[in-house]
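Below are the chains, spelled out letter by letter.
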Amino acid sequence: MSYHTKKYQPGEIIFHGGDTSNCAYIIEEGQVEIFVESNQTIIDILSEGELFGEMGVLDQSPRSTSARALTPLTLLEVKTEQITNRLAESDPIVKALVGVLLKRFRSMLPNQGLSDGKSNLLDQVTSVIEQTGFSKFKLESELRSAINQGEVQTVFQPISDIQSSRIAGFEALSRWSHPERGFISPVEFIALAEETDLIIEVGDLVFNRAIEMLAKLPEHVFININVSSKQLDDDQFLNRILKKVNASNINPKRLKLEITETMVVDFNLAKKWIEKCRKIGFPVCADDFGTGHSGMEQLVELDFDVLKVDQVFIRNMFENNRYQSILKTIADMAQSLNTQLVAEGIENEKEYAVLKALNFDFGQGYYFGKPMSKDDALKLNF
Ligand code: C2E
Ligand code: CA
Ligand code: CA
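An account of the accompanying structure is given in this report.

Rules of the game
Every chain's residues receive numbers from 1 upward, in the order its sequence appears when written. Chain labels run from A onward and ligand labels from 1 onward, assigned in the order the entries are written. Only residues with pLDDT of at least 70 are given local features in this predicted model, and only at 80 or more are side-chain atom pairs given and counted; all residues enter the totals for whole chains, interfaces and linings. Derived side-chain values reflect all non-hydrogen atoms in the structure, with water molecules and hydrogen atoms excluded from consideration. Donor atoms (N, O, S) are those found within 2.8 Å of the metal centre, with the cutoff raised to 3.2 Å for Na, K and Ca; water is not part of the atom list, so apparent gaps in a site can occur. Only DSSP runs of H or I covering at least 4 residues are called helices, and only runs of E covering at least 2 are called strands; the numbering of each starts at the N terminus. Exposed residues in this analysis have more than 50% of their type's maximum accessible area, buried residues have under 20%, and partly exposed residues fall in between, with area computed by a 1.4 Å probe over protein chains only. If even one non-hydrogen atom of a residue comes within 4 Å of a molecule or strand, that residue is called near it. A 3.5 Å cut-off defines polar contacts: any pair of N or O atoms within that distance qualifies, except that in protein one atom must be a possible hydrogen donor and the other a possible acceptor, and neighbouring residues in sequence count only when both atoms are side-chain atoms. Accessibility throughout is a Shrake-Rupley quantity obtained with a 1.4 Å probe, and a residue counts as covered only by protein chains that appear here. Whether a set of points on the 1 Å grid over the protein atoms alone is a cavity depends on a 1.4 Å probe fitting there but being unable to get out, while an open set qualifies as a pocket with protein on both sides within 12 Å along at least five of seven lines; lining residues are those with an atom within 4 Å of a point. Here the criterion for a molecule occupying a pocket or cavity is that more than half of its atoms lie within 2 Å of the pocket grid points. Two strands qualify as a pair provided that DSSP identifies no fewer than 2 bridges between them.

1. Here's the deal with the coordination of the calcium ion (ligand 2)
The protein atoms that coordinate the calcium ion (ligand 2) are Glu-171 (OE), Asn-226 (OD1), Glu-258 (OE) and Asp-287 (OD), at distances of 2.1 to 2.4 Å. Taken in chain order, the donor set of the calcium ion (ligand 2) reads E-x54-N-x31-E-x28-D. The calcium ion (ligand 3) is placed at 4.1 Å from the calcium ion (ligand 2), the two being bridged by Asp-287. Here the residue Asn-226 occupies a position in strand β12 (residues 222–226), and Asp-287 occupies one in strand β14 (residues 284–289), the gap between them amounting to 61 residues. Taking the relative accessible area as the measure of exposure, Asn-226 reaches 32% and is therefore partly exposed.

In structure tokens:
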């Protein structure tokens, strides 16, 4: 895709109302007048750096107004697909909002019916509003009130010492049981929360519960918490939890923070964040290890205390030998890097035996225990 530059003399028409909309324009130099030809109403005067002609491009309808050069003019042509591809890839809610604005703006213009009923982008965005946008908005406000009313629960899944099988700690996980929709998976609502700032509230909620729980658990038991990328960007996040940990007299070593490789978009930021955790004393754990695309350099530079090997390696270890070879390589590597190793998703004795033989430090999975309420977790033997 390339940009084309076009020049116009003052008074020259760029397009007429009713013309096919085949591109939009950015004004590189000069001024443009947008007007309605039938009654010569001037709608807008635009200058350098502004975009016009995008409406017809967005909904594939003919030009609704005319445009002419007011001064000597240089325009950059923006092709239809440069705009529509971006919109197609954008968040459904953004798409829906563009659709609403477009519709509203069109209804304000004189003599503007909507386009001819063919299936075009505007129809698509309107149906997106119905299908995705609105239901998402609804779910989002429901999540907000669920958080406020304590309907988002925290459960705790045991993490056991592989050699002794004794409980060493827990991972705190969120649960939402919706009054009508029933149980909503954290995969769905955490993703929704991450699109907004709600994740900060969910995160704070889980932290508060984890700290309360740590105060009740024996001193040697730790809790792992999932940190999302928004919390990584929030500079106050670590200070906030440190304050709470100190106020409850809890050793920060007992609160392990899990981040995933895919979250490490800004490598330097992640590095600083991990260094700050180290200074404070919070151990940092690489969650879903082995599934991201980052190379060895990331592993060398980001000084994780714990690697948590993704469930996929455990689930497939007997289907495909290569998974076991990789597990062995990871175990050797962790030993030489002096990093602790957790295997996730252990469901049976056979898998457990392999990981024990490979000298993994910890195991988590249905074999040791499913996520459970705080009360059930406190009844376990430590
Ligand atoms: P995750 O951090 O990888 O958490 C492990 C997931 O594996 C949990 O799913 C857990 O219930 C499940 N699991 C554990 N052992 C087994 C097993 O033996 N077999 C199988 N099939 N599954 C097992 P869950 O609770 O549904 O959470 C899904 C994801 O949602 C988590 O993946 C995490 O990324 C996210 N999540 C959950 N709670 C929170 C939260 O409070 N904050 C954030 N930021 N993310 C959360
Ligand atoms: Ca996790
Ligand atoms: Ca995981």
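2. With respect to the site of ligand 1
By nearness alone, 21 residues border ligand 1, and Ser-174, Arg-175, Gln-311, Glu-347 and Tyr-366 come closest of all. Measuring from a nitrogen atom of ligand 1, one finds a side-chain N or O atom of Gln-157 at 3.0 Å. Computed on the free molecule, ligand 1 has an accessible area of 800 Å², of which 83% lies beneath the protein chains in the complex. With respect to the pocket detection grid, ligand 1 is positioned in the largest pocket.

3. A closer look at the coordination of the calcium ion (ligand 3)
Six octahedrally arranged donors around a metal ideally form angles of 90 or 180 degrees; four tetrahedrally arranged donors ideally form angles of 109.5 degrees. Around the calcium ion (ligand 3), the protein contributes the donor atoms Asp-287 (OD), Asp-288 (OD), Glu-344 (OE) and Glu-344 (OE), at 2.2 to 2.7 Å from the metal centre. Mapped onto the sequence, the residues coordinating the calcium ion (ligand 3) show the spacing D-D-x55-E. Here Asp-288 falls in the partly exposed class, since its relative accessible area comes to 26%.

4. As for the pairing of strand β10 (residues 167–178)
In terms of residue burial, β10 counts as a mostly covered element, since 10 of its 12 residues are buried. Pairing geometry for strand β9 (residues 152–161) and β10, over nine bridges, is antiparallel. Considered in β10, the bridge of Pro-158 is made with Phe-170. Remark: five residues form the turn of the hairpin made by β9 and β10, two consecutive strands paired antiparallel; Ser-165 in that turn has positive phi of roughly 65°.

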